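An overview of the molecular structure
Chain residues, written in single-letter form:
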Amino acid sequence: MAVTASLPSTFDDWIGQFGDWQRKVGFDTAWLGDYKFEAKYDFENVKPTIEFGDYAGKPKWERPLQIPHQNIRDALLHLITVQGDTEFASVEQQRHLLTSAPTEYDRKSALRIMAEEQRHGWQMCHLLMTYFGKEGAIEAKKLLERNANDGNRLLGSFNEPTKNWLDFFVFTQFVDRDGKYQLKMLSHSAFKPLAASMGPMLKEESFHLGTGSNGLRRIVKQDTIPLPVLQRAFNRWIPTAFDLFGKDGSTSSEWAYVWGIKGRYDEDTNTSPVTDKRMLNAYNRDLYRQEIVREVEIINKSVAPGKPKLIVPDGKFHRAIGEHVGQEWTVDGQPWKGKGSYADYLGSVLPTKEDDAVLAECFKQEWIAAKAA
Amino acid sequence: MDDAPGFDEAALHAFFERVPVLFRKAQATVHEPYQFLLYHVEHPLAESTTDAIESGFGLAHPMWNPGSRRSAIELLDHLRYPDIGAIADLRSIAGMNLSVLSHYLHFFHHAYPIYDKASCKGLEKLGVPMPYTLVRDRDIYGLYIRAIEELKERIPFWCVPETNVYLTRIVQGALAAYGAEA
Ligand SMILES: [Fe+2]
Ligand SMILES: [Fe+2]
């Protein structure tokens, strides 16, 4: 697509460009009903002093000029940009599902989730436009130009097509749940407007996660979609969610911690000091993994007796980032030693063409229960 | 908001921390019908929808006259949250009080809160007196909506459970369970 928009000089300018983006995505603003796009800051629930790192105990920064040095400012700009990128991307991924929702409430839920993701992107652009000068404006503009359907969003999960409603529920359960982790880590940030942005976003995310986990339980309860098809969808999406935590041994997450701008997921309750700052991504990813294992156990309660339970793939399987890239691991974390090629193995545990056909048939029947068990 | 109701701050914070548990308690009594209604109330809205809502919540059925139910459904369906002006235009039907009406509205547009005695009591315990009336008084329901809005706005994120249910219901359900406590 030809990009002709000029650099937004005010937030109102940016809002105009956002309207163009909505038109391009095909999101009709009449669908929003009473939902209002607005920047929401919850300063009431933000700690007044920096919570960790080299500046711990000093007052949090309210304005960019208070940020001690340029590297920190650049890192914040980057964190906000990446977060905003995921928000707009997910709408691009999900928009086409509105015509095939299983029920009216599901359609309304998807619509509301898309509206909220747009508000989250709006919030990030409000930060960029308000606090980061020309560089912020450049990034705010680019957030509306990259596109998930062109595959040039910044992170892997957000360039993957959500092909159908099964993908939608798997995505909201596992990828939005990664989003919760990122937002919670930023809610401890030394940059106060960023920290204060997170509360209202996290409240909205609770509905996204609830929609995902409930949807998967309804699917399993109905027992129309074969469990191996569901498992292959898990095998596709969950490794991309693990990737979202970044590389182990990452210096950027180490610095983000030292500077106090991005904490551990459990920073508010974990009183022990960080022993290895280079392993922060692994630490947070592991907490996430434990949480999704618990979530999958809940889903498994609805699996009919005698059928194989769903599992969370091992953290080494099918990774696109970090030390396990290109390695040959099975879904349950064993070194692969089968006959044939590893590519054939992958073809059997990741979604297949036949799965698409099976799903298309399922979607013609009652494929999702009206309520979870 | 200059006309913000005066919540008792200490009681409010204690209440927020209990919302996940209180919500589950409220939902436990209506979980089956509530979830059923979420996924079965669809457009075009059938007349039997109101029966299903009343049965789900153990409400008495209004004494509909011919045609009155259809026009009531249409009128409520056309409302847009948080507007409630038109509820004064409804014909009077025995049994179709503000509480029953709010149940319909909630399942037509999930942002409208269910108005019931226990939730009003819950608000009162939080320092905001809220009359419980059966008259279809739009000022009172408007006040009620504003109070719920403030709770939605002020509840900290860590007190919001992960559910497929709107925040309106989470807050109002928790209020009802809170109000029902001795
Ligand atoms: Fe989001
Ligand atoms: Fe989300």
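Each chain has its residues counted from 1, following the order in which its sequence is written. Whichever chain is written first becomes A and whichever ligand is written first becomes 1, with later ones labelled in order. With the structure being a predicted model, the display of local features is reserved for residues of pLDDT at least 70 and the display and counting of side-chain atom pairs for 80 or more, all residues being used for whole-chain, interface and lining totals. Side-chain calculation: all heavy atoms of the structure are included, whereas hydrogens and water are not.

Notes on the overall build of chain A
For the record, the criterion: Strands here are runs of E lasting at least two residues and helices are runs of H or I lasting at least four, both read from the DSSP assignment and numbered beginning at the N terminus. Under the scheme applied here, a residue whose accessible area is under 20% of the maximum for its type counts as buried, over 50% as exposed, and between as partly exposed, the area being computed with a 1.4 Å probe on protein chains only. Contacts: residue pairs with any heavy atoms within 4.5 Å of one another.
Regarding its fold elements, chain A presents eleven helices and zero strands. Across chain A, helices and strands are ordered from the amino to the carboxyl terminus as α-α-α-α-α-α-α-α-α-α-α. For chain A, the spread of C-alpha atoms along the principal axes amounts to about 60 × 50 × 40 Å. Classification of the 373 residues of chain A by burial places 58% in the buried group. Considering only intrachain contacts with a sequence separation of at least 6, the fraction spanning at least 24 residues in chain A is 77%.

Some points on the side chain of Asp42 of chain A
All names here are of chain A. For the record, the criterion: Here a polar contact is taken to be a pair of N or O atoms separated by no more than 3.5 Å, where protein atoms must pair a possible hydrogen donor with a possible acceptor and residues adjacent in sequence count only if both atoms sit in side chains.
Looking at where Asp42 falls in the secondary structure, it is placed in the loop between α1 (11–25) and α2 (70–94). Side-chain polar atoms of Asp42 contact the backbone nitrogen of Glu44, separated by 3.2 Å. Within polar-contact distance, the side chain of Asp42 engages the side chain of Asn45 at 2.9 Å. In this structure, Asp42 is in contact with Ala196 and Pro200, ignoring residues within four places of it in sequence.

Some remarks on the interface of chain A and chain B
Applied cut-off: Note on terms: buried area is the combined drop in 1.4 Å-probe accessible area of two parts once they are placed together, counting the loss on both. For this document, the term salt bridge refers to a Lys or Arg side-chain nitrogen within 4 Å of an Asp or Glu carboxyl oxygen. Each residue gets one label: Ala, Val, Leu, Ile, Met, Phe, Trp, Tyr, Cys and Pro are nonpolar, Asp, Glu, Lys and Arg are charged, and the others, such as Gly, are polar.
At the interface, 28 residues of chain A touch 28 residues of chain B. Both faces considered, chain A and chain B share a buried interface measuring about 2400 Å² in area, 53% of it formed by carbon and sulfur atoms. Where chain A meets chain B, there are four salt bridges. The closest approach of N and O atoms between Arg177 of chain A and Glu162 of chain B, which form a salt bridge, is 2.8 Å. At the junction of chain A with chain B, the criterion picks out 15 residue pairs in polar contact (both at pLDDT 80 or more). Mapped by element, the contributors of at least two residues to the side of chain A that touches chain B are α3 (104–131), α5 (165–186), α6 (192–222) and α9 (280–300) of chain A. Among the elements that line the side of chain A that touches chain B, the one with the most residues is α6 of chain A, at ten residues. For the side of chain A that touches chain B, the class distribution of residues is six nonpolar, eight polar and 14 charged.

Quick notes on the coordination of the iron ion (ligand 2)
Residue and element names in this part refer to chain A. Note the following rule: Only N, O and S atoms count as donors, using a 2.8 Å cut-off from the metal and 3.2 Å for Na, K and Ca, and because water is excluded some sites may appear unfinished.
Distances from the iron ion (ligand 2) to its protein donors, namely Glu117 (OE), Asp176 (OD), Glu205 (OE), Glu205 (OE) and His208 (ND1), fall within the range 2.0 to 2.5 Å. Taken in sequence order, the residues that donate to the iron ion (ligand 2) follow the motif E-x58-D-x28-E-x2-H. In this structure, the iron ion (ligand 2) lies 3.5 Å away from the iron ion (ligand 1), the two metals sharing Glu117 as a donor. On the criterion of helical spacing, the pair formed by Glu205 and His208 is a turn pair, its members being three residues apart in helix α6. Residue Glu205 shares its accessibility class with His208, and that shared class is buried.

Here's the deal with the domain arrangement of chain B
Residue and element names in this part refer to chain B. The cut-off we apply is this: Segmentation of the chain into domains, including their bounds, is taken from an automatic or database domain assignment.
What the domain assignment lists for chain B is domain 1 (9–33 + 113–180) and domain 2 (44–108). The centre of domain 1, based on its C-alpha atoms, is set 21 Å off from the matching centre of domain 2. Each partner contributes to the interface: domain 1 provides 19 residues, whereas domain 2 provides 21 residues. Buried surface at the junction of domain 1 and domain 2, summed over both partners, amounts to about 1700 Å²; 68% is from carbon and sulfur atoms. Broken down residue by residue, the surface that domain 1 buries against domain 2 is led by Ile114, Arg136 and Arg138, which jointly contribute 43%. Between the two partners, domain 1 and domain 2, sit zero salt bridges. Joining domain 1 to domain 2, the criterion identifies eight residue pairs in polar contact (both at pLDDT 80 or more). Elements that contribute at least two residues to the side of domain 1 that touches domain 2 include exactly α1 (9–40) and α6 (138–154).

A word on the coordination of the iron ion (ligand 1)
Residues and elements named next belong to chain A. Convention followed: Angular criteria define each label, namely tetrahedral for four donors with all angles between 85 and 135 degrees, square planar for four and octahedral for six donors with opposite donors over 155 degrees apart and remaining angles between 65 and 115, and irregular for whatever fails these tests.
Taken together, the protein donors to the iron ion (ligand 1) comprise Glu87 (OE), Glu117 (OE), His120 (ND1) and Glu205 (OE), at separations of 2.0 to 2.3 Å. Its four donor atoms give the iron ion (ligand 1) angles of 81 to 170° at the centre, a pattern that matches the irregular case. Considered as a linear motif, the donors of the iron ion (ligand 1) on their single chain read E-x29-E-x2-H-x84-E. The buried category is assigned to Glu87, whose relative accessible area is 4%.

Overview of the pattern of salt bridges
Following the criterion strictly, the structure yields 43 salt bridges over all chains and no others. Close ionic contact of Glu92 of chain A with Arg153 of chain A constitutes a salt bridge, the shortest N to O distance being 2.9 Å. Here the residue Glu92 of chain A occupies a position in helix α2, and Arg153 of chain A occupies one in the loop between α4 (133–142) and α5, the gap between them amounting to 61 residues. In this structure, Glu92 of chain A and Arg153 of chain A share a single accessibility class: buried. A salt bridge links Glu9 of chain B to Arg154 of chain B, with the nearest nitrogen and oxygen atoms 2.7 Å apart. Of this pair, Glu9 of chain B sits in helix α1 while Arg154 of chain B sits in helix α6; the two residues are 145 residues apart in sequence, bridging distant segments of the chain. Overall, the relative accessible area of 36% leaves Glu9 of chain B in the partly exposed class. A single salt-bridge network, built from bridges that share partners, covers Arg177, Lys180, Glu291 and Glu295 of chain A together with Glu162 of chain B.

A word on helix α3 (residues 68–78) of chain B
Residues and elements named next belong to chain B. Operational definition: The directions considered for the arc are those from the helix axis to the C-beta atoms.
Taken residue by residue, α3 has Ser68, Arg69, Ala72, Ile73, Leu76 and Asp77 as its buried positions. Each buried residue of α3 lies within a common arc of 160° when the element is viewed along its axis, so the set occupies one face. Tucked into the core, α3 has its buried residues touching α2 (48–56) and α4 (98–108).

With respect to unusual backbone geometry
Omega for the peptide link from His43 of chain B to Pro44 of chain B comes to -5°, which places this bond in the cis form. Tracing the backbone shows Pro44 of chain B in the loop between α1 and α2. Here the residue pair Tyr81 of chain B and Pro82 of chain B is connected by a cis peptide bond, since its omega of 5° sits within 30 degrees of zero. Position of Pro82 of chain B relative to the elements: it lies in the loop between α3 and α4. A positive phi angle is found at Asp223 of chain A, which is not glycine, with a value near 65°. Looking at the element boundaries, Asp223 of chain A is found in the loop between α6 and α7 (227–243). Assessed through its relative accessible area of 35%, Asp223 of chain A is described here as partly exposed. Look at His318 of chain A: it is not a glycine, yet its phi comes out positive at around 50°. Mapped onto the secondary structure, His318 of chain A falls in the loop between α9 and α10 (342–349).

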